[in-house]
Amino acid sequence: MKKILITGGAGFIGSHVVREFVNKYPDHAIINLDALTYAGNLENLRDIEGKANYTFVKADITDAAQILAIFREYQPDGVIHLAAESHVDRSITDPNAFVMTNVIGTVNLLNAAKEIWADNYEGKRFHHVSTDEVYGALGDTGLFTETTPYDPHSPYSASKASSDHFVRAYQDTYGLPIVITNCSNNYGPHHFPEKLIPLCIHNILNNKPLPIYGDGKFTRDWLYVIDHAKAIDLVYHNGRDGEAYNVGGFNEWQNIDLVKELCKQMDEKLGRPAGTSARLIAFVKDRPGHDLRYAIDATKINRELGYEPSVTFEEGLGMTIDWYLDNQEWLNNVTSGDYQKYYEGQYRGLGG
Ligand code: NAD
Ligand code: TYD
């Protein structure tokens, strides 16, 4: 039986990856390793937690000894590494946590994999899940390809870029079989409401202002989270050793247009008069060092592995809103307690 250890499996993207693998590969043992930080939530996995091929291990990747002990116990053949601090705004207020988890944590995992695989890399793979933010910011034109030079600007993207470099260094130095995926912005069910889309859904439901940084003309390239999970499956199983694959769906939106589309769909679904939610839009102080535009050239993963997203943005957004409307208890649970403190600090003076 093949054993795959997935880190960060209780988070937003990780929970979709764990679900995809547990359901699709009943003859593989899937071990979900997660520290359950504010972003980790086992509620995200209720539907698969009873499956025979699923195990959860609570552990912190910054603890090298604990990680090595877990690798020795479970002897995974493959690692899919998603555990990270993932929010740019939090990285601006507390960069050190990003260095610890994203850089040191990644190196601890690489060391553990190298140690238990002991230079016998047959059938082994370390898949590092990264972001397009490592490439920096684009102007009005152009796309990020796999050969775009790294130029990270935020503490978050700098920590992810650093982790990518370590992963490549372990391939170059020790021959560790690695692949990297650099994906664009994800959206979908279980997205923590500190990020733009779920934050706006939550605020619309509560008639609170929708904070748009700067002039709202910043552009992101959005991919439905289940399409990211499918890309990870494809690259993990069929990608070439040592390669990076950009993942995206050629789907760019300026923030203000995206939020207007969200408001329109929310009004329809909530049976409110058109224009009700859009009246909540509030332009606020810009994020420091805010990257103007991200856009992925996903030609390589399409050409080599036949990858294509399965849903359009309008469909994916509709499914996402439906999920939040059907799971308001999930939203209420994650926005109680510490979330209130974070929100008040981040959006001081916004009111609502
Ligand atoms: P998330 O913040 O929702 O989840 C992160 C998970 O990692 C949580 O379950 C958390 O408990 C766990 N974790 C954090 N620190 C840990 C530690 N020290 N030890 C063990 N577990 C720890 O993040 P996400 O949005 O699901 O992102 C997952 C990965 O995908 C990250 O590596 C991120 O950089 C990358 N990524 C995210 C996006 C996006 O749009 N969200 C896009 C491209 C790439
Ligand atoms: P976010 O969801 O934080 O993802 P990232 O910073 O990783 O791209 O932000 C998406 C875009 O939305 C980004 O340009 C910042 C902007 N934004 C706002 O305008 N207001 C907000 O309250 C948030 C959280 C983000």
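Above this text sits the structure in question.
Residues numbered from 1 in each chain as written. Chains lettered and ligands numbered in written order. Predicted model: local features only at pLDDT ≥ 70, side-chain atom pairs only at ≥ 80, totals over all residues. Heavy atoms only, no water.

1. A word on the packing of helix α6 (residues 196–205) against helix α8 (residues 255–270)
Between α6 and α8, whose axes approach to 11 Å, the crossing angle comes to 40 degrees. Classified by the interaxial angle, the pair formed by α6 and α8 is oblique. Of the two elements, α6 crosses α8, and the hand of that crossing is right-handed. Across the interface between the two elements, L196, I197, C200, I201, I204 and L205 from α6 touch N255, L258, V259, L262, C263, M266 and L270 from α8. Along the lines of polarity and charge, the residues of the contact of α6 with α8 split into twelve nonpolar, one polar and no charged. (Axes fitted to C-alpha atoms, helices over the stretch in contact; angles between N-to-C directions. Helix = DSSP H or I, 4+ residues; strand = E, 2+ residues; numbered from the N terminus. Parallel < 35°, antiparallel > 145°, perpendicular 65-115°, else oblique. Left-handed = near helix turned anticlockwise from the far one by under 90°. Contact = heavy atoms within 4.5 Å. Nonpolar A, V, L, I, M, F, W, Y, C, P; charged D, E, K, R; others polar.)

2. Side note on a nonpolar patch on the surface
A contiguous nonpolar patch, built from V99, M100 and I104 and spanning about 230 Å² of accessible area, is present on the exposed surface. With a relative accessible area of 40%, M100 lands in the partly exposed category. (Patch = residues over 30% accessible without salt bridge, like charges linked within 9 Å, V, L, I, M, F, W, Y side chains within 5 Å. Areas by Shrake-Rupley, 256 points an atom, 1.4 Å probe, with all protein chains shown as cover. Salt bridge = Lys/Arg side-chain N within 4 Å of Asp/Glu carboxyl O. Buried < 20%, exposed > 50% of the residue type's maximum accessible area, 1.4 Å probe, protein only.)

3. Section: the pattern of salt bridges
One pass over the structure, following the stated rule, counts 16 salt bridges. Put simply, E115 and R72 hold a salt bridge, and the shortest N to O gap is 3.1 Å. Placement of E115 in helix α4 (residues 95–117) and of R72 in helix α2 (residues 64–74) is noted, with a sequence separation of 43 residues between them. Judged by its relative accessible area of 47%, R72 falls in the partly exposed class. With its nearest N and O atoms 2.8 Å apart, the salt bridge here joins D241 to R125. Of this pair, D241 sits in the loop between α7 (225–238) and β10 (244–247) while R125 sits in strand β5 (residues 125–131), and the two are 116 residues apart along the sequence. Judged by its relative accessible area of 9%, R125 is buried. The network of salt bridges with shared partners includes R240, E243, K300 and E304.

4. Considering the packing of aromatic side chains
For any pair of aromatic rings, the description consists of the separation of the ring centres together with the inter-plane angle of the planes. Scanning all chains against the criterion turns up 19 aromatic pairs. A centroid spacing of 5.5 Å and a plane angle of 50 degrees characterise the contact between F21 and Y25, whose relative ring orientation is tilted. With respect to class, F21 is no different from Y25; both count as buried. Residues Y339 and Y342 carry aromatic rings whose centres are separated by 6.5 Å and whose planes lie at 45 degrees to one another, so their mutual orientation is tilted. Of this pair, Y339 and Y342 are both found in helix α12 (residues 338–346), three residues apart, which corresponds to roughly one turn of the helix. Across the pair, Y342 and Y339 agree in class, each one buried. Taking the ring centre of Y174 as reference, the NZ or CZ of K114 above it sits at 4.5 Å. (Phe/Tyr/Trp six-rings, centres within 6.5 Å; stacked < 30°, edge-to-face > 60°. Lys NZ or Arg CZ within 6 Å of the ring centre and 35° of its normal.)

5. Topic: the environment of L317
Relative to the assigned elements, L317 resides in helix α10 (residues 313–326). For the pair L317 and G8, spaced 309 residues apart in sequence, the C-alpha to C-alpha distance is 24 Å.

6. Points about the site of ligand 1
The immediate surroundings of ligand 1 are formed by 28 residues, with I13, D34, S86, Y156 and K160 found nearest. At 3.0 Å from an oxygen atom of ligand 1 is found a main-chain nitrogen or oxygen belonging to T37. Here an oxygen atom of ligand 1 sits 3.0 Å away from a polar atom, N or O, in the main chain of L82. Against a free-state accessible area of 830 Å², the protein chains account for coverage of 96% of ligand 1. Elements that contribute at least two residues to the shell around ligand 1 include exactly α1 (12–24), β5, α5 (155–174) and β7 (185–187). It is β5 that contributes the most residues to the shell around ligand 1, three residues altogether. (Near = heavy atom within 4 Å. Polar contact = N/O pair within 3.5 Å; in protein donor to acceptor, adjacent residues only side chain to side chain.)

7. Thoughts on the side chain of S159
For S159, the position within the fold is in helix α5. S159 sits in the buried class, given a relative accessible area of 4%. In this structure, S159 is in contact with F98, N102 and V103, ignoring residues within four places of it in sequence.

8. Focus: the site of ligand 2
By nearness alone, 18 residues border ligand 2, and E133, R220, R287, H290 and Y347 come closest of all. With respect to ligand 2, the side chain of H290 contributes an N or O atom lying 2.7 Å from an oxygen atom. Compared with its free state, where it exposes 510 Å², ligand 2 has 97% of that area covered by protein. Where the shell around ligand 2 is concerned, the elements lending two or more residues are α3 (88–93) and β8 (210–213).

These results come straight from atomic positions and should not be treated as a statement about function.
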